Every structure is written in structure tokens, then in C-alpha cells.
Amino acid sequence: MFTSTFTFAKGDYDADFHALDARIAELARAIPGYLGEEAWENPATGQLSNVYYWDSMAALQQLMQHPAHREAKAAQARWLRGYQVVIAQVLRSYGDGGIEHPLAARPDTP
């Protein structure tokens, strides 16, 4: 399994941003291999992080290669004050079941 974490500093959003953001989220959720997502905000910096979970690198690459994703990447400077992307392989995932999580159905992931 893999994660793609998109951390960014908010800029000025407009209707184009919201439409493209919604389209990319919809596309991601429709890709076979999409496992779920989480979003976090750091109150100290105001930065946001979106974490997407994937069962394979091929599934993640499907989103990365989609024209809507490429469009957003090319235009990001219009809406963001900076960003960082981290792609990581999940080595293990476990919990006590007390919270909902995209990987909770896959306990003690190898």
C-alpha cells in the first residue's frame, strides 16, 4: 500500500479552484485501488494536509497521470502559497478500532 500526502499553504481560491479540486477528489475516489483519505490542518501554520491511501503505486499513478491532476499541478501557483508532496509505502498499519480510519479494515498491515 501507498500514501500520497499533499501538504499546502492556502492562497486565494476561486470558482476554478473549487471545481477542479472537486473533480480531482471525485476522480481519485473512482480509481480501483483507492482506499480512502484524511485531511489535517496545522493550527500553528495554517497549512493543510490531504493524505490519500492506495493499494498500489499503479492506482496512485492513474490519478497523477490524469489530465485534471496535471492541470491542477500546472496552475497551483494561482491558488496556493506553496506545497509539498510525499509518496510513501505503508509498511504497517494497526489500531485499537476506536477511531475510523481508511486502513482500519486492514489491521496489522504487513
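Scroll up for the structure.
Novice: Before we move on, could you go through the pattern of salt bridges and cite the residues and values that matter?
Specialist: Applying the stated criterion across every chain, the model contains four salt bridges. Lys10 is the partner of Glu41 in a salt bridge, and the nearest nitrogen-oxygen pair spans 3.8 Å. Separated by 31 residues along the polypeptide, Glu41 in strand S2 (residues 34–41) and Lys10 in strand S1 (residues 2–10) bring together distant segments of the chain. Across the pair Arg78 and Asp16 runs a salt bridge, and its minimum N-O distance is 3.2 Å. Taken together, the residues span a long stretch of sequence, with Arg78 in the loop between helix H3 (67–75) and strand S4 (80–89) and Asp16 in helix H1 (residues 15–30) at a distance of 62 residues. Because the salt bridges share partners, they merge into one network encompassing Asp14, Asp16 and Arg78.

Cut-offs applied
- Along every chain, residues carry numbers that run from 1 in the direction the sequence is written.
- Selection of residues for local features in this predicted model requires a pLDDT of at least 70, selection of side-chain atom pairs for listing and counting requires 80 or more, and totals for whole chains, interfaces and linings are taken over all residues.
- To get the side-chain values, all heavy atoms of the structure are used, and hydrogens and water are removed first.
- Criterion for a salt bridge: a side-chain nitrogen of Lys or Arg within 4 Å of a carboxyl oxygen of Asp or Glu.
- Only DSSP runs of H or I covering at least 4 residues are called helices, and only runs of E covering at least 2 are called strands; the numbering of each starts at the N terminus.

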